[in-house]
Amino acid sequence: MNVLKTAFRNIRSNKVYSALNIAGLAIGIACAGLIFLWVANEVSYDNFNVKKDRLYNVMINADFGGNKFVMGSTPRVMGKTIKAEIPGIANVCRVSDEDIKALFRAGDKSLYAVGRYADPALFSMFTLPFVQGNAESAFGRLRSVVLTEKTAQRFFGGDMNVLGKTIRMNNKQDYVVTGILKNIPENSTLQADWFIPYAALSADVNMQAGNNTEDQVWDSYGPFTYVELEPNADVTTVNRRLHNFIHQEDATQTNTAFLYPMPRWHLYDQFTDGKENGSGRISQVRLLSVIAWVILLIACINFMNLATARSEKRAKEIGVRKVLGSGRRRLVLQFISESLVMSALATIAAVGLITFALPAFNTLVEKDLTIGLNNPAHLLALLLITLICGLLAGSYPSLYLSSFDPVKVLKGLKIKNGSAATIRKGLVVLQFTVSVVFIISTIVIYQQIQHVKSRDLGFNKDNLVEIDMQHPIGRTFSVIRQQLMSTGVVSNAAMTDHVAIYGGNTNNSFNWDGKGPNDKFDIAFRNVTPEFMSTAGMHVVEGRDFRDEAADTASAIVTQSLANKIDKNGVIGKIIQSPRGRKQGEFKNLRIVGVVQDYVLGNIYNRTGAPVIFLCHASSNFDSNLSQFDGHFLYVRIKDNKASQQTLAAIASVIQKNNPEFPFQYRFVDDQFNEQFKSEVQTSSLSGIFATLAIVISCLGLFSLAAYTAERRIKEVGIRKVLGASVAGLAGLLSNDFLKLVGISCLIAFPVAWYIMHGWLQNYDYRISIHWWIFAAPGVSAMVIALATVSFQAIKAALTNPVKSLRSE
């Protein structure tokens, strides 16, 4: 107790010193606390699933234009086949491979909700507890739907007795509510507002195609396939059987498959040449975790620097304590106690800072994190951070101060603190080295994002609006297009079956004369109306564009990369056989009439060069029963300088007039494009914020050290001033040592930052070069900030009246 009283007494007697130390520690702990809340959320994804160690996603290794890539879409027939033929698989479940936004009508309410089609096994494999209904009967009928609690509340208000009620989906089909799920946790990879039997989707697709072969062939990809292994099953053995399973079932297919475990779904989702490369979300987790610990270290360095710098002020106190019988162990305990008390006060202040900053932080990272002081794990984490900071910050000062010789101290002999001064300088260098590395990294990340944003995409994303009509509009497209053109704000409009920069919708069964046995690779295909190329702003580099529906229904346009694979000497007029739109085993001959410039498809960081074929489809046949095509994406090119709310209102008026059953929904393609940078933008923003705070914490320490140095050399300053030294000269004298330390920090930080960011950039095919100014700008900024921080104290000391400083001599 006496130790704590003494600790509080010393803190009160040095208010400014204590306040600066507590402020630096509080900012550091608050930054680390926010990051650790985010990290804890990220690493806990899917942990609520009881069977998480036995659940896997079937991943496909595919050849796409000569490059291997990994995708989650699998053949529809795969699930039931591998369950029947591969030992060790306890259960399988198909889930539609993308979020489906559908309009539901419940009574007089019409609301959009996002969900998935899934097999009944979903509810026994994943931990999705029922509030009403049960897993056994949930999908007992084809047209049944299971809602989450919050979705049911949106549809039916306070009435939660909804089992057996009917809702209409997309104004076409009625579904009966057969179950209510507890809300799915936010940290779940699988998210949905509703689930409908996958069999219902298959029935709709087969009816539209006019056959029932989609669920029986191995070249028709669609759902995710999840696998539950038996408790004692060996995943290596199952993977060995699964590897060539597709080829064994269909000799024309070359894609391979493997099981990917649930604990890695969220954090490790990046693959290179068909293999996991150890990156993905985990890279952001690792980076921010390192930043959290480094900021804590910087805050602790401030404490150590100030405590050792003030050694002369506490030397006599230590000498007296030793003479009165205090041993070194007791002195170490005293100083560690002071450090722990300050760390505890800083932690309390940090909790307040976290509470204040958490809403803005949640907005930035798009989560709903809470500080959770009622969570024992969070309280334990705060306690550990307090102990770590207290012990780390107080360790060296306590050992250094307790080593003073009491005889020399009480005789007034000057304490030799050369080693302490060297360590202080080293710690200042470390602080600013880390800060400069942060700043350089932030600049590189920002430059990489801007570099990709400004690249030539192969199409014009500006002033291009994507409208999801929610159902095929082929029969009315020509009327809609004519009315849009007559508004005066639209220059063109076209229809397609998939979004412009979507990376899926592929097939490897296209044929042409001269295609070799090793030319088995996936080709992306798009069914479009003749106006699509001009509407999207694509460039025809050879041949011609589509002209009209009647003349070009047997025509095709290919990208440059596909043209080179078919025939490097030219492809105009050549025939390519398409397996799409016909019964299984039949092909349709298409004549290549044009070649368009390669464009970015899928991953926006990849270089252009994806093989794509565009099929000109008569708009009236987009929703024909003889076709598999579902053309409900409308692209509208707004005239330059016409993008405004009035323009959108004019477009909305036309769409709602011709599509009254569905609310008008739109997205600008450039916004859709920018959404793909979400992870990188978050990393850049967080790195920038924490780099700034690292500089702030470092400057707090520098400010305190400058104040102490100015105080310690006040008599020297007075003598120099009496002898004629100028204020500028004195300020420069006091600032010089600190600027040298910052300069050394920059020299160390530059190669370290280059090494780190050069390695980071290797993850991207399309990347920037690291130029010299990226290092110069942070270096100069660090020097200016340090000079501004130190100069205040230096000028203050230089302006002090020498009579006051020399009066005691």
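What comes next concerns the included structure. Keep in mind it's a predicted model, so treat the numbers as computed, not measured.

Examining the pattern of salt bridges
Here the idea is simple: oppositely charged side chains can pair when their charged atoms come close.
Consideration 1: With the rule as written, the count across this model stands at 14 salt bridges.
Consideration 2: The closest approach of N and O atoms between Asp99 and Arg116, which form a salt bridge, is 3.0 Å. In this pair, Asp99 is assigned in the loop between strand E3 (89-95) and strand E4 (100-106) and Arg116 in strand E5 (residues 109-118), connecting sequence segments 17 residues apart.
Consideration 3: Its relative accessible area of 49% is what places Asp99 among the partly exposed residues.
Consideration 4: A relative accessible area of 9% means that Arg116 is categorised as buried.
Consideration 5: Of the charged contacts, one joins Lys461 and Asp462 as a salt bridge, the two residues approaching to 3.6 Å between their closest N and O atoms.

Concerning the environment of Ala138
Consideration 1: Mapped onto the elements of the fold, Ala138 is located in the loop between strand E6 (130-132) and strand E7 (144-148).
Consideration 2: A relative accessible area of 0% places Ala138 in the buried class.
Consideration 3: Taking C-alpha positions, Ala138 is 5.2 Å from Thr178, a pair spaced 40 residues apart along the chain.

Side note on a positive patch on the surface
Consideration 1: On the surface, Lys5, Arg9, Arg12 and Lys15 cluster together into a positively charged patch.
Consideration 2: A total of three residues in the positive patch trace back to one element, the largest contributor, which is helix H1 (residues 2-13).
Consideration 3: With respect to the helices and strands, the residue Arg9 is situated in helix H1.
Consideration 4: By relative accessible area, Arg9 is classed as partly exposed at 45%.

Some details on empty space enclosed by the protein
Consideration 1: Summed over all chains, the structure comprises three cavities of 30 Å³ or more.
Consideration 2: The computed volume of the second largest cavity comes to approximately 40 Å³.
Consideration 3: Every residue lining the second largest cavity is listed: Thr496, His498, Val499, Ala500, Arg526, Phe532, Met538, Tyr599 and Phe614.
Consideration 4: Broken down by class, the residue content of the lining of the second largest cavity amounts to six nonpolar, two polar and one charged.

Describing the side chain of Thr148
Consideration 1: Within the secondary structure, Thr148 is located in strand E7.
Consideration 2: Here Thr148 falls in the buried class, since its relative accessible area comes to 2%.
Consideration 3: If we ignore the near neighbours within four places in the chain, the residues touching Thr148 are Ile180, Leu181, Asn183, Ile184, Ala192 and Asp193.

So, the nonpolar core
Consideration 1: Counting residues in each nonpolar core, the largest one holds 73 residues, and the members touching the most others are Leu122, Phe123, Phe126, Phe195 and Phe361.
Consideration 2: Per-element accounting of this core gives the leading share, 13 residues, to helix H2 (residues 15-43).
Consideration 3: If near-sequence neighbours (up to four positions away) are discounted, Leu122 is found in contact with Cys93, Val95, Leu128, Leu190 and Phe195.
Consideration 4: Within the second largest apolar cluster, 63 residues are counted, among which are Ile440, Tyr599, Cys746 and Ile774.

Observations concerning the packing of aromatic side chains
Consideration 1: Inspection of the entire model under this criterion finds 24 aromatic pairs.
Consideration 2: An angle of 55 degrees between the planes, with centres 6.2 Å apart, marks the rings of Phe510 and Phe525 as tilted. Remark: Phe525 occurs in strand E19 (residues 523-528) and Phe510 occurs in the loop between strand E17 (506-507) and strand E18 (511-512); sequence separation between them is 15 residues. Accessibility classification places Phe510 together with Phe525 in one group, the buried group.

Conventions and cut-offs
- Residues numbered from 1 in each chain as written.
- Predicted model: local features only at pLDDT ≥ 70, side-chain atom pairs only at ≥ 80, totals over all residues.
- Heavy atoms only, no water.
- Salt bridge = Lys/Arg side-chain N within 4 Å of Asp/Glu carboxyl O.
- Helix = DSSP H or I, 4+ residues; strand = E, 2+ residues; numbered from the N terminus.
- Buried < 20%, exposed > 50% of the residue type's maximum accessible area, 1.4 Å probe, protein only.
- Patch = residues over 30% accessible without salt bridge, like charges linked within 9 Å, V, L, I, M, F, W, Y side chains within 5 Å.
- Areas by Shrake-Rupley, 256 points an atom, 1.4 Å probe, with all protein chains shown as cover.
- Lys, Arg positive; Asp, Glu negative; His and termini not counted.
- Charge placed at Lys NZ, Arg CZ, Asp CG, Glu CD.
- 1 Å grid on protein atoms, 1.4 Å probe; cavity = no way out; pocket = protein on both sides within 12 Å on 5 of 7 lines; lining within 4 Å.
- Points joined across faces, edges and corners; volume = space filled by probe spheres on them.
- Nonpolar A, V, L, I, M, F, W, Y, C, P; charged D, E, K, R; others polar.
- Contact = heavy atoms within 4.5 Å.
- Core = buried A, V, L, I, M, F, W, Y, C linked by side-chain atoms within 4.5 Å.
- Phe/Tyr/Trp six-rings, centres within 6.5 Å; stacked < 30°, edge-to-face > 60°.

Honestly, it's all geometry; don't read function into it.
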